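Structural features, examined
Here is how the chains run, residue by residue.
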Amino acid sequence: MNDYKYIHTWVEDEVGRIELNRPNVLNALKRPMITEILESLSYFDQSDEVAVIVISGAGRAFAAGADIDEMANDDPISLEKINQFAEWDKISDIKKPIIAAVQGFALGGGLELMLSTDLVFASENSTFGFPEVNLGVMPSAGGTVKLTKAIGHRRALEWLWTGEQMDAKEAYRFGLINRIIPNEVLIDETMVFAKRLAQQPPLALRLIKDTVKKAEDLSVHEAMQYERKNFYLLFASEDQKEGMTAFKEKRSPTFTGK
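Right, let's walk through the structure included here. Only a predicted model underlies this, so the values are computations on that prediction, with no experimental measurement involved. (Residues numbered from 1 in each chain as written. Predicted model: local features only at pLDDT ≥ 70, side-chain atom pairs only at ≥ 80, totals over all residues. Heavy atoms only, no water.)

**Notes on the pattern of salt bridges**
Selection rule: One side-chain nitrogen of Lys or Arg within 4 Å of one carboxyl oxygen of Asp or Glu is enough to make a salt bridge. To sort residues, take the accessible area from a 1.4 Å probe on protein chains only and compare it with the maximum for the residue type: under 20% means buried, over 50% means exposed, and anything in between is partly exposed. Only DSSP runs of H or I reaching four residues or more are called helices, and only runs of E reaching two or more are called strands; each is numbered from the N terminus.
Applying the stated criterion to the full structure yields eight salt bridges. Of the charged contacts, one joins Glu-12 and Arg-17 as a salt bridge, the two residues approaching to 4.0 Å between their closest N and O atoms. For Arg-17, a relative accessible area of 5% translates into the label buried. Residue Asp-217 pairs with Lys-149 through a salt bridge whose shortest N-O separation is 3.2 Å. In this pair, Asp-217 sits in the loop between helix H10 (202-215) and helix H11 (220-234) while Lys-149 sits in helix H6 (residues 143-151), placing the two residues 68 residues apart along the sequence. Its relative accessible area of 61% is what places Asp-217 among the exposed residues. According to the relative accessible area criterion, Lys-149 is partly exposed, its value standing at 45%.

**Description of the packing of aromatic side chains**
Put simply, the rule reads: Classification of ring pairs uses Phe, Tyr and Trp, with its six-membered ring standing for Trp, and accepts pairs whose centres are within 6.5 Å; under 30 degrees between planes counts as stacked, over 60 as edge-to-face, and the remaining range as tilted. Throughout this description, the term charge over a ring refers to an Arg CZ or Lys NZ atom that lies within 6 Å of the ring centre and within 35 degrees of the ring normal.
Taken as a whole, this structure holds four aromatic pairs when the rule is applied. Consider the rings of Phe-121 and Phe-193, whose centres lie 5.2 Å apart with planes at 70°: the pair is edge-to-face. With a gap of 72 residues between them, Phe-121 in strand E6 (residues 119-123) and Phe-193 in helix H9 (residues 186-198) connect regions that are remote in the sequence. Neither Phe-121 nor Phe-193 differs from the other in exposure class; each is buried. The interplanar angle of 65° and the centroid separation of 5.1 Å between the aromatic rings of Phe-231 and Phe-235 together place this pair among those described as edge-to-face. By relative accessible area, which is 49% here, Phe-231 ends up partly exposed. Since its relative accessible area comes to 37%, Phe-235 is described here as partly exposed. Among the aromatic residues, ring-to-ring pairing joins Phe-231, Tyr-232 and Phe-235 into one connected group. Lying across the ring of Tyr-226, Lys-229 places its NZ or CZ 4.7 Å from the centre.

**Brief notes about the side chain of Ser-116**
Formally: For this analysis, a polar contact is any N or O atom pair within 3.5 Å, provided that within protein one partner can donate a hydrogen and the other can accept it, and provided that sequence-adjacent residues contribute only side-chain to side-chain pairs.
Following the sequence through the fold, Ser-116 ends up in the loop between helix H5 (109-115) and E6. Owing to a relative accessible area of 13%, Ser-116 belongs among the buried residues under this scheme. A polar contact of 2.9 Å, which involves the side chain of Ser-116, links it to the backbone oxygen of Glu-112.

**With respect to the sheet that holds strand E9 (residues 179-181)**
To be explicit about the condition: Only strands that DSSP links by at least two bridges are regarded as paired with each other. Note on geometry: axes are lines fitted to C-alpha atoms, helical ones only across the stretch in contact, with angles between N-to-C directions running from 0 to 180 degrees. What makes two residues a contact is simply this: any of their non-hydrogen atoms within 4.5 Å.
In spatial order, the strands read E1-E2-E3-E4-E6-E9; together these six strands make up an open sheet with mixed pairing. Each of the sheet's edge strands pairs with one partner strand only, and the pair in question is strand E1 (7-12) and E9. Mean inter-strand twist for the sheet, computed between neighbouring axes without regard to direction, equals 20°. Across three bridges, E6 lies against E9 in parallel orientation. Within E9, the position partnered with Ser-123 by the bridge is Ile-181. Packing against the sheet, H9 makes contact with E1, strand E2 (15-20), strand E3 (52-57), strand E4 (98-102), E6 and E9, and its axis sits at approximately 170° to E4.

**Remarks on the nonpolar core**
Stated precisely, the cut-off is as follows: Only buried residues count toward a nonpolar core, which is a set of Ala, Val, Leu, Ile, Met, Phe, Trp, Tyr and Cys residues joined through side-chain atoms within 4.5 Å.
Of all hydrophobic cores here, the largest spans 44 residues; its most connected members are Met-114 and Phe-128. Tallying contributions element by element places helix H1 (residues 31-46) first for this core, with six residues. Formed by 15 residues, the second largest nonpolar core is a distinct cluster that contains Val-52, Leu-186, Met-191 and Leu-205.

**Considerations on a positive patch on the surface**
To be explicit about the condition: Exposure above 30% relative accessible area and the lack of any salt bridge qualify a residue for a patch; like charges then connect within 9 Å, and the nonpolar side chains Val, Leu, Ile, Met, Phe, Trp and Tyr within 5 Å. Per-residue and other accessible areas were derived by the Shrake-Rupley procedure at a 1.4 Å probe size, with only the shown protein chains allowed to occlude residues. In this tally Asp and Glu are treated as negative and Lys and Arg as positive; neither His nor the chain ends contributes. One atom stands in for each charge, and that atom is NZ of Lys, CZ of Arg, CG of Asp or CD of Glu.
Taken together, the side chains of Lys-95, Arg-206, Lys-213, Lys-214 and Lys-229 define a basic patch exposed on the protein surface. Ranked by the residues each element gives to the positive patch, the list is headed by H10, at three residues. As for its placement among the helices and strands, Lys-214 is situated in helix H10.

**Details of unusual backbone geometry**
With the exception of glycine, most residues fall at negative phi, and the peptide bonds are largely trans. The phi angle at Asp-13 is positive, at roughly 50°, despite the residue not being glycine. Positionally, Asp-13 belongs in the loop between E1 and E2. Unlike most non-glycine residues, Leu-26 shows phi in positive territory, near 55°. Mapped onto the elements, Leu-26 comes out in the loop between E2 and H1.

**Considerations on the environment of His-8**
Structurally, His-8 can be placed in strand E1. A residue is classified by how much of its surface remains accessible, and His-8, at 37% relative accessible area, is partly exposed. Other than its neighbours up to four places away in sequence, His-8 contacts Arg-17, Ile-18, Glu-19 and Asn-21. A distance of 3.1 Å separates the side chain of His-8 from the side chain of Asn-21, its partner in a polar contact.

So far we have only geometry, and geometry alone does not tell us how the molecule works.
Below is the structure:
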C-alpha cells in the first residue's frame, strides 16, 4: 500500500482497514484526505488480498465534518473548477462491502462518508448530525439525498433544518446504523463480522450489493428484473457450483471468487 498523510491503511485477514488519522481535529475531512480515502478504497476494491473494507477513525471521533478553514474562502467558480465532489461520487463505484466502525462524532462530511458505506457499527457514545445549516450552507456530498432515503423526508428536514444531533439509540431506531456496540470492543466486534463476511462468496456479495443499490432507485418491477439478471449471472460462477455441491455433500464450501 501507499504511505498516506491523513489516513492509515493495512490488510488484516482479508479485511482492508482504512483509519482516518487526524485525531487532533477529530478527523476533519480535508480534500487531500478524501483523495487518499478514495485511492485506498479503489486499491482494496481491486486487490485479491481483500474481501471486505472497514473504515474507522483514530482518536475520539469517526469524522466531525469538513475542514472549515479549507472551505471558508471558496466561491462557486473555485468549487466548480476543482469539481469538489467528483471523488465523493466515486465511492459508490466500490463493489466490495464497506463497513463503517463509528465512535464519537459522525457529523457533516463525516456522516456523509458513513452514509456512503454499506453497513454501520457504532459505539454507544456516537453522535450523528448535519450542522451545515448553522454555517449558512447545507450538506453537499449526498447528505440530503441519502438521509431522506434512509429516514423519510419529514424527519430528514427536521434534522437538516435545525442542525440538531442524534445519539446512537435514535440513529438505530431510524435505521441509520446496524448495531450499537460498547466503545471498548467496537473495532473487535466489527472485525469479527468483517472476517465472517470475508468468507462468503465474493461474487455473490458483489452482485447483492449491486442489486440492493439499484433497488433504491428503480421501480419494483425494474428492480426485480435486475435482480433476476444478477441471479442468472451467478450461475456462471465456480462459486455457485462449489456452494451447491458442498451443500449436497454436507461440507463447508470453499469459495474462490471465480
